[in-house]
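# Working through the structure, step by step
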Amino acid sequence: MLNSLPPRERQIVDLLYERGAMAVADVCDALPDKLSASAVRAMLTRLEQKGFVQRAHSDRGYLFSPTMAERKASETALGHVVRTFFNGSTTNAASALLGMSEKLDDNDLDELEAMIAAARAKRGS
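Now for a description of the structure that goes with this document.

What counts and how
Residues numbered from 1 in each chain as written. Predicted model: local features only at pLDDT ≥ 70, side-chain atom pairs only at ≥ 80, totals over all residues. Heavy atoms only, no water. Axes fitted to C-alpha atoms, helices over the stretch in contact; angles between N-to-C directions. Helix = DSSP H or I, 4+ residues; strand = E, 2+ residues; numbered from the N terminus. Parallel < 35°, antiparallel > 145°, perpendicular 65-115°, else oblique. Contact = heavy atoms within 4.5 Å. Nonpolar A, V, L, I, M, F, W, Y, C, P; charged D, E, K, R; others polar. Expected span 1.5 Å × (residues − 1). Polar contact = N/O pair within 3.5 Å; in protein donor to acceptor, adjacent residues only side chain to side chain. Buried < 20%, exposed > 50% of the residue type's maximum accessible area, 1.4 Å probe, protein only. Pairing = 2+ DSSP bridges. Arc of directions from axis to C-beta.

## Focus on the packing of helix H1 (residues 7–19) against helix H3 (residues 37–50)
Their axes nearest at 10 Å, the elements H1 and H3 cross at an angle of 80°. It follows from the interaxial angle that H1 and H3 lie roughly perpendicular. Residues Arg8, Glu9, Ile12, Val13 and Leu16 of H1 form the contact with H3, whose own contacting residues are Met43, Leu44, Arg46, Leu47 and Lys50. Its residues assigned to classes, the contact of H1 with H3 shows 6 nonpolar, no polar and 4 charged.

Written as structure tokens, this is what we have:
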């Protein structure tokens with residue numbers, strides 16, 4: 001689970017989701033606090049061993065990318081939040097999000113209504 005990663009490793013995985021596959025030098029350049037290439041390489045190796053990133057050969061050496069699709073990672077993280085803060089209740093979590101509705105515009109609310117309708121149709125209700 002991404003939430004279990006140390007902050008720097010999480011930062012690297014987030015960069016890979018944001019920018020796509022990256023070489024060690026690219027990761028070094030993208031980090032706000034500069035680290036040596038060997039430190040970044042060591043973290044990427046740990047992330048690979050933990051199953052969060054994979055590497056592929058390229059002309060520039062190895063390119064690292066996340067192993068899990070971003071949507072799946074988001075769903076996993078959200079599931080953890082729902083279990084931790086809402087006792088597993090998706091209704092309570094959705095209610096909390098809707099409580100922030102002053103930040104939602106009409107298009108956002110229309111999209112949510114369409115998603116609810118699609119979920120009902122999928123269930124056959």
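Once the structure has been displayed, the description carries forward.
## Digging into helix H6 (residues 106–123)
Residues spaced three or four apart along an α-helix point in a common direction, a consequence of the helix completing one turn every 3.6 residues. Given a rise of 1.5 Å per residue, 18 residues ought to cover 26 Å, and the 26 Å separating the end C-alpha atoms of H6 matches this to within 8%. Capping the start of H6, aspartate 105 holds a side-chain oxygen 3.1 Å from the backbone nitrogen of asparagine 107, two or three residues further along. Positioned one or two residues after H6, glycine 124 has a phi angle of 85°, which is positive.

## A short note on the side chain of serine 65
By secondary structure assignment, the location of serine 65 is in strand E2 (residues 61–66). Residue serine 65 is classed as buried on the basis of its relative accessible area of 17%.

## A short note on the pairing of E2
In this sheet, E2 lies alongside strand E1 (residues 53–58) in antiparallel orientation, the contact comprising 6 bridges. When the bridges of E2 are listed, serine 58 appears paired with glycine 61. Joining the antiparallel neighbours E1 and E2 is a turn of 2 residues.

## Examining H3
With 14 residues, H3 extends 20 Å from end C-alpha to end C-alpha; this agrees with the ideal 20 Å at 1.5 Å per step. Considered for burial, the residues of H3 that qualify are Val40, Met43, Leu44 and Leu47. Down the axis, H3 shows its buried residues gathered within 100° of arc, on one side only. Contacts from the buried residues of H3 go to H1, helix H2 (24–30), E1 and E2.

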